[in-house]
Amino acid sequence: MTSKIIKQMQNIHLRCALRPSICPAASTLDQEMPPTTGLLPGETVVREGKAAILFPSANEVFYNPVQEFNRDLTCAVVTEFAREQMARRGVKVVVPGEKERVVVNLADEKKEETEMQTGEEGGEEPVVTASVGERCKNGLRVLEGLAASGLRSVRFALEVPGLRSVTANDFSSKAAALIARNAQHNGVTHLLQASQRDASMLMYEMRGKKDRYDVIDLDPYGSPAPFLDAAVQAVGEGGLLCVTCTDMAVMAGNSGETCYSKYGSVSIKAKYCHEMALRIILHSLDQRAGVYQRYIHPLLCVSVDFYIRVFVRVHTGQAMVKNSASKQALVYNCVGCGSFHLQRLGKRTTQGNHIKYSAATGPPVGAECEHCGHRHQLGGPIWGEALHDVSFVQKVLSAVSGNPSRFGTARRIEGMLSMVTEELEDVPLYYTVDNLSSTVHCSTPPLLQFRSALLHAGHRVSLSHACKNALKTDAPPRVLWDVMRCWEKVCPVSPLLALSPSPSLSLSPPSLALPLSSLQACFDVREDANPQSRRRHLTRFQENPEPFWGPKARANAGYDTLINTNPVLDP
């Protein structure tokens, strides 16, 4: 009988934590209670980073250990964003494990030193510091729209300095109750507030300039499309918007019409589908932001495991929004040889201090592919500008590599970000060496030799974090096929394969309609053909961490092992 009374009191306290209007003393009780709570029947504790999260064993999908990389990377990015934002507000963030502030650009260091000296000489108060776990009066306001267990929000509160508040929202009442318990269990109720709202409605209500959040994180099960319109309005000026997409089947070309209905872009099946997915979500964000005279600036966009993750800043400016059309592009993809061409939607011409906007001219290809004679597919529109802000990525990379004990996946973050900094910023999409070789029916050239051949020909080339065998290059498709022809002379096509019907017949010298290039590829390996991330053997691509490690099943909203519902407290 006593245990039943205790259980009822626990349920009442959880309801009060979620509905302060019902129990005005809830906040006082939270402050007086110890930072840890007892486990309910069937609950387990999962530790990640500095957080210890309570999970109902009946609904294991609340936690996917493979997503630890996602959460670690987000904490690293938000920390660096907070460092920049709080420096403008005269607050210096303090991260445990960092001996001193990580500096990549010496100019930034001198600028900050000058600002600090000016403050001291002027007789102003010394620079205020903000530590993790402390509430900062002028700090950032963070919203996690789809928080589930609240793990990510708890980690924000425990690991990211310079925060004023963290709102962990979920539409499920039981998930919201779990968030409240996890906040209490980790002793962060002074920073983290649980919310049970429809995420879109919550963000729509916070569209006012004084109500907007500094950081909004959306990590839904599947597509984030229903929340994007509200998100681009509810994030503050220059605020950070973090979005995850796990509907990769749609974004990678399996259902182009569905992709268009969600993101306003047609996806196509191609070897570069993972980078194209990144550019599709950026196009969708920029298009929705443009409706409200806002535009995006990507900081970091990565394709990881079974999902993509983008971090963008959102700004307001009517003049800058006019550039949006020239930032988008259509993709013409050959179904035979895989050659692709981009066609910008708009044209921007600078004449002194005047910028002229006009319609783009095209198409860039003929009715048939000039290399193999096959037809083209039309995909997009997609984001045609850079995916990353390299200077920002370098700061995050330096902070992570200088404090490797902070994150469990620090080695992989270092490898991934190192590859990102090496990518060609102005070259959208990529080819894969194995697909080029498969088209010509020849053996695959070693990656370093093929990269060296393009470098010897005077073109730029880089790898891509999105695909292990990818090549990003400013060389036109004609040069790539010329290099493959030269390689085919070194490793001739098998006579049996040469008789099979494929694009290789049109790509081979005897049947090519266009005059052959005079390019004589040199396959001598150059030192600069091997990037630093590869030389240092960094962990660039994740091996399968465990069996069946992909996305888990959708959460079961009907589980009843978390708490017993008290009908008296239901609204």
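Rules used throughout
Residues numbered from 1 in each chain as written. Predicted model: local features only at pLDDT ≥ 70, side-chain atom pairs only at ≥ 80, totals over all residues. Heavy atoms only, no water. UniProt positions renumbered as here; feature names shortened; annotations may be inferred. Helix = DSSP H or I, 4+ residues; strand = E, 2+ residues; numbered from the N terminus. Contact = heavy atoms within 4.5 Å. Areas by Shrake-Rupley, 256 points an atom, 1.4 Å probe, with all protein chains shown as cover. Expected span 1.5 Å × (residues − 1). Buried < 20%, exposed > 50% of the residue type's maximum accessible area, 1.4 Å probe, protein only. Pairing = 2+ DSSP bridges. Axes fitted to C-alpha atoms, helices over the stretch in contact; angles between N-to-C directions. Parallel < 35°, antiparallel > 145°, perpendicular 65-115°, else oblique. Left-handed = near helix turned anticlockwise from the far one by under 90°. Nonpolar A, V, L, I, M, F, W, Y, C, P; charged D, E, K, R; others polar. Core = buried A, V, L, I, M, F, W, Y, C linked by side-chain atoms within 4.5 Å. Phe/Tyr/Trp six-rings, centres within 6.5 Å; stacked < 30°, edge-to-face > 60°.

The name given to the protein in an unreviewed UniProt entry is tRNA (guanine(26)-N(2))-dimethyltransferase, and the organism recorded there is Oncorhynchus kisutch. For the protein, the Sequence similarities (unreviewed entry) comment in UniProt is given as "Belongs to the class I-like SAM-binding methyltransferase superfamily. Trm1 family." The Catalytic activity (unreviewed entry) comment attached to the protein in UniProt states, word for word, "guanosine(26) in tRNA + 2 S-adenosyl-L-methionine = N(2)-dimethylguanosine(26) in tRNA + 2 S-adenosyl-L-homocysteine + 2 H(+)".

> Help me understand the overall build of the protein, please; the structure alone is not making it clear to me.
Secondary structure assignment for the protein yields 21 helices and 19 strands. Taking all contacts inside the protein whose residues are at least 6 apart in sequence as the whole, residues at least 24 apart take part in 73%. If you sum the accessible surface of the protein, you get close to 25900 Å²; carbon and sulfur atoms cover 53% of it.

> How should I be thinking about helix 3 (residues 68-88) in this particular structure?
The periodicity of an α-helix, 3.6 residues per turn, causes residues three or four places apart in sequence to face the same way. Counted at 1.5 Å a residue, the expected span for helix 3 with its 21 residues is 30 Å, and the 31 Å between its end C-alpha atoms agrees. Burial of helix 3 is extensive: 18 of the 21 residues sit out of reach of the surface. G90 occupies a position one or two residues after helix 3 and carries a positive phi of about 80 degrees.

> Quick question: what am I supposed to make of the sheet that holds strand 17 (residues 431-432) here?
Within a sheet, adjacent strands bond to each other through the backbone by hydrogen bonds, running parallel or antiparallel. Here three strands make up an open sheet; going across it, the order is 17-19-18 and the pairing antiparallel. Lying at the two open borders of the sheet, with one neighbouring strand each, are strand 17 and strand 18 (461-464).

> How do you make sense of the packing of helix 8 (residues 225-234) against helix 11 (residues 273-290) when you look at a structure like this?
The description of two packed helices rests on the angle between their axes and on the distance between the axes. Packing of helix 8 against helix 11 brings their axes to within 9 Å, and their N-to-C directions diverge by 45 degrees. With respect to helix 11, the element helix 8 is oriented oblique. In this structure, helix 8 meets helix 11 at a crossing whose hand is right-handed. Contacts between helix 8 and helix 11 involve A225, L228, D229 and V232 from the first element and I281, S284, L285, R288 and A289 from the second. Classifying every residue of the contact of helix 8 with helix 11 by side-chain character gives six nonpolar, one polar and two charged.

> It is not clear to me how the environment of G380 should be interpreted in this structure. Could you clarify?
Along the polypeptide, G380 turns up in strand 16 (residues 376-383). A residue is classified by how much of its surface remains accessible, and G380, at 8% relative accessible area, is buried. When the C-alpha atoms of G380 and A329 are compared, they prove to be 6.8 Å apart, with 51 residues separating the residues in sequence. Once residues lying within four places of it in the same chain are set aside, the contact partners of G380 are S265, V266, M276, A329 and L330.

> Just checking my understanding: could you explain the nonpolar core for this structure?
Counting 79 residues, the largest nonpolar core has M203, I216, L241, Y272, I281 and L285 as the members making the most contacts within it. When residues in this core are grouped by element, the largest group, eight residues, is from helix 11. Apart from the residues lying within four places of it in its own chain, the contact partners of Y272 are V331, N333, F340, L429 and Y430. Core analysis: the next-biggest nonpolar cluster, separate from the first, contains 57 residues, V46, A76, V142 and F306 among them.

> Help me understand the packing of aromatic side chains, please; the structure alone is not making it clear to me.
Note on aromatic pairs: each is described by the distance of the centres and the angle between the planes. Under the definition given, this model contains four aromatic pairs. Ring geometry for Y272 and F340: centres 5.0 Å apart, planes at 70 degrees, overall edge-to-face. Of this pair, Y272 sits in the loop between helix 10 (256-263) and helix 11 while F340 sits in strand 13 (residues 340-344), and the two are 68 residues apart along the sequence. Side by side, Y272 and F340 carry an identical accessibility label, which is buried. Aromatic side chains F306 and Y307 sit 5.3 Å apart centroid to centroid with 70 degrees between the ring planes, which places their arrangement in the edge-to-face category.

> Could you clarify how one ought to interpret the sheet that holds strand 16 in this entry?
Reading across the sheet, the three strands line up as 13-12-16 and stay open at both edges, with antiparallel pairing between neighbours. Of all the strands in the sheet, just strand 13 and strand 16 have a single pairing partner and so form its edges. Pairs of neighbouring strands in the sheet enclose a mean axial angle of 25 degrees, with direction left out of account. Inspection of the sheet shows strand 12 (residues 328-334) paired to strand 13 by five bridges, in the antiparallel sense. Bridge assignment links L330 to a residue of strand 13, and that residue is Q343. Across the sheet, helix 11 lies against strand 12 and strand 16, angled at about 55 degrees from strand 16, the strand it touches most.

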